[in-house]
Amino acid sequence: MPRIALTLGPVFFHWPAERLGDFYRRIADEAPVERVHLGEVVCGKRMPFSDPVWPELIERLERAGKEVVLSTLAAPTTTRERRSIEDLCGDDRLVEINDITAVPARTGRPFVAGPFVNVYNGTAAQFLVRRGAHTICPPVELSLVHVGTIAQACPDAEFEIFAFGRLPLALSGRCYHARLHGLHKDSCQFTCEQDPDGLVVDTLDDQAFLAINGVQTMSAQVQAVMPTPMECIDRGISRLRLSPHTCDMVEVARIYRSLAEGRQEPEHARALLSGLGLPGMLVDGYSRGRAGADAAASA
Amino acid sequence: MIKGQHMELVCPAGTPATLRAAVQAGADAVYCGFRDETNARNFPGLNFSPKEMAEGIRFAHDHGSKVLVAINTFARAENPDPWRKAADSAAASGADAIIAADIAVLDHMAASHPQTRLHLSVQAGAATPEAIDFYAEAFGVRRVVLPRVLSVQEIAALNRAIAVETEAFVFGGLCVMMEGRCHLSSYATGRSPNLNGVCSPPEAVSYVEDAAGTTARLSGFTIDRYDRGEAAGYPTLCKGRFKAGGKTGYLFEDPVSLNAGSMIVALREAGVTALKIEGRQRGKGYVTQVVRAFREAVDAAEQGHDPGEIDSILAGLSEGGRQTTGAYRKTWR
């Protein structure tokens, strides 16, 4: 049976350098994941804080046998942000593209098409594969059936699903952390740093609904898609992406590892995940072609 | 664009009658879509059959206007046929351009209908010279509809860096998220702009009355609440009232609409080729009124009138609702 690999996605939040260092050193030493994404995806203004820590962490992860992927910005606007994408695309490591902006700079060399790139069908997938896409993690709103159809039309790429974490739902030119604090994006004071898993947005009747993370809007609930190995194989899915949070990500990876190896039933794996102090309830509606907010395995 | 060149006024039409009204009110171009999920305004009772589209194009051409056909959702993995058919039908009917976002649709147009102009939909979210050049080189895109998150200064810089035309929204609904990359609607309701051509769809909306007033919900999520006697608005997800960090309010955007009439001169100086009015879901009367006012405003801008005069031409269009110039002014962020 082909092995289902685990990928640790990029950290979406504004974690201070020290937290990033502690996090990735522990991932290098303990997490049973094959691939680790590093890099700022959400906000270019955070890059001066995290950029200095990456070289040491990349080396540390590679020494531990992890395949490192450099993730790039999902919504570049400034000249500096665009240049950072171009620079990263010149790297010999695998690069994750999260905006079409990066495609010309990476054409002909292998890349990961991340969930912010609109791959909704086989034609789009094949088009990107011809330019170098090697792994495709389709937009989060696609069901496993849809991903399976795309994968079938595009046998030359690996397909990965966004299996764990608050769902990246939207990006804006406006910073919602700044807006909430009565500030503008240009003088934001980095208030997003106060919320290392994002800040929950409740409805007026106190239902946890969304979460804000600077210019990004996420789900308040936590995506927990738990396919069996056979389901993955049937759908052409060879990787599960785990998106970092402040909970014990090594334990999250262990739970998914046992699931991917068929040593754990999804139901039991979900119960184990729920005990990890996650920032929200488990949802998996998208994977079943329903609303993303639908509770996990309510079918 | 070259200074002094005519700016194109691009107007919405959800029905054949609205198309005729927009043309007669002075639209340089009208944009519309087929009656299915191939376009991003897939609402009941709206849009065109292939026959109506062909007739609409004929009518517009007879009156000196263009028709741009929006096929701007993402083709379904299991059945891309409707998107292909829509593209073929629009091209065969003599559409002046197709507005598309999906690589599959763009690829099909470039391969099968290279003579038909391609415009990149706002749903493609192309906001950098690299992204725009990519679509121009890969598919021969001739114009890009700009995401509603750019400031006028950024648009000017963009126009200096790219070879294709740009089109900017000036009036109507305002997406605060980057279009084509927003899954808020499907997260709550299961249906989204990219997949189904709808956002916060009507079938998911409910209004619940109690002693205190009315609660507007979307698939059971409370989006806003109104006191007794207060008019309840439509629960568009990103314009709702929520709580976070001990504060309650419109966390994403107030229930406002875009009116960048005062920015027409600035957008023209920033090199924008076409100005777009949102509102394919709007009726004939509304479209006529808005198109007429913008026709007058654009003509005034081209004759060198100042922004204050242009603003006064458009003053009557507010409908009592609140308006914003959106991201065009940097303070919006």
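Keep in mind it's a predicted model, so treat the numbers as computed, not measured.

## Here we look at the overall build of chain A
Here is step 1: Each helix and strand counted, chain A has eleven helices and twelve strands in total.
Here is step 2: Compactness check: chain A gives a C-alpha radius of gyration of 18 Å against a globular reference of 19 Å for 299 residues, within 12% of the reference.
Here is step 3: Relative to its 299 residues, chain A shows a buried fraction of 58%.
Here is step 4: When contacts within chain A are restricted to residue pairs at least 6 apart in sequence, those whose partners lie at least 24 apart make up 65%.

## Details of the overall build of chain B
Here is step 1: Counting secondary structure elements, chain B contains eleven helices and 15 strands.
Here is step 2: Relative to a compact globule of 333 residues, whose C-alpha radius of gyration would be 20 Å, chain B shows 20 Å and is just as compact.
Here is step 3: The C-alpha extent of chain B, read off along each of the three principal axes, is 60 × 50 × 40 Å.
Here is step 4: Counting over 333 residues, chain B shows a buried share of 56%.

## Some remarks on helix 10 (residues 284–302) of chain B
Side chains three or four residues apart in an α-helix point the same way, a direct result of the helix having 3.6 residues per turn.
Here is step 1: An ideal rise of 1.5 Å per residue puts 27 Å on 19 residues; helix 10 of chain B measures up with 26 Å between its terminal C-alpha atoms.
Here is step 2: Trailing helix 10 of chain B by a residue or two, G304(B) shows a phi angle of about 90°, which is positive.

## Quick look at the sheet that holds strand 8 (residues 205–210) of chain B
All names here are of chain B.
Here is step 1: Read from one edge of the open sheet, three strands run 8-9-10, paired in antiparallel fashion. Of all strands in the sheet, those with a lone pairing partner are strand 8 and strand 10 (221–227), marking the two edges. Direction aside, neighbouring strands of the sheet carry axes that sit 20° apart on average.
Here is step 2: In this sheet, strand 9 (residues 213–218) lies alongside strand 8 in antiparallel orientation, the contact comprising six bridges. If you follow Y207 over to strand 9, its bridge partner there is A216.

## Some words on the domain arrangement of chain B
Interface size, as often reported, equals the accessible area lost upon joining of the parts.
Residues and elements named next belong to chain B.
Here is step 1: Segmenting chain B into domains produces domain 1 (8–174 + 256–332) and domain 2 (184–249).
Here is step 2: The C-alpha centroid of domain 2 is placed 27 Å from the C-alpha centroid of domain 1.
Here is step 3: Of the residues lining the interface, nine residues belong to domain 1; the matching set on domain 2 comes to six residues.
Here is step 4: For the side of domain 1 that touches domain 2, a count of residues per class yields three nonpolar, four polar and two charged.

## So, helix 7 (residues 144–153) of chain A
Residue and element names in this part refer to chain A.
Here is step 1: Most of helix 7 sits out of view: seven of its ten residues are buried.
Here is step 2: Looking at helix 7, one finds that the buried residues are L144, H146, V147, G148, T149, I150 and A151.
Here is step 3: Residues of helix 7 that are buried in the fold lie against helix 6 (122–131), strand 7 (158–171), helix 9 (229–234) and strand 11 (237–242).

## Focus: the interface of chain B and chain A
Here is step 1: Contact with chain B, which involves 51 residues of that partner, is made by 51 residues of chain A.
Here is step 2: Among the secondary structure elements, those contributing two or more residues to the side of chain B that touches chain A are helix 4 (103–112), helix 5 (129–139), helix 7 (184–189), helix 8 (193–196), strand 10 and strand 11 (242–244) of chain B.
Here is step 3: Its residues placed into classes, the side of chain B that touches chain A shows 26 nonpolar, twelve polar and 13 charged.

## Quick look at the confidence of the model for chain B
Close reading of the predicted structure is inappropriate where its pLDDT is low.
Here is step 1: Overall, the prediction assigns chain B a mean pLDDT of 92, with 98% of residues at 70 or greater.
Here is step 2: Among the scores for the predicted complex, ipTM is 0.97 and pTM is 0.96.

## Some remarks on the packing of helix 1 (residues 17–30) of chain A against helix 3 (residues 54–63) of chain A
All names here are of chain A.
Here is step 1: Between helix 1 and helix 3, the least distance of the axes is 8 Å, while the angle of their chain directions is 15°. As the angle between them shows, helix 1 and helix 3 are arranged roughly parallel. Regarding helix 1 and helix 3, the two cross each other, and that crossing is right-handed. Along the contact surface, helix 1 presents G21, Y24, R25 and A28, while helix 3 presents L57, R60 and L61.
Here is step 2: In terms of residue class, the contact of helix 1 with helix 3 is built from four nonpolar, one polar and two charged.

Analysis parameters
- Residues numbered from 1 in each chain as written.
- Chains lettered and ligands numbered in written order.
- Predicted model: local features only at pLDDT ≥ 70, side-chain atom pairs only at ≥ 80, totals over all residues.
- Helix = DSSP H or I, 4+ residues; strand = E, 2+ residues; numbered from the N terminus.
- Rg over C-alpha atoms; globule rule 2.2 N^0.38 Å.
- Buried ≥ 20, exposed ≤ 12 C-beta atoms within 10 Å, placed from the backbone.
- Contact = placed C-beta atoms within 7 Å.
- Expected span 1.5 Å × (residues − 1).
- Pairing = 2+ DSSP bridges.
- Axes fitted to C-alpha atoms, helices over the stretch in contact; angles between N-to-C directions.
- Domains from an automatic or database assignment.
- Nonpolar A, V, L, I, M, F, W, Y, C, P; charged D, E, K, R; others polar.
- pLDDT = per-residue confidence, 0-100.
- Parallel < 35°, antiparallel > 145°, perpendicular 65-115°, else oblique.
- Left-handed = near helix turned anticlockwise from the far one by under 90°.

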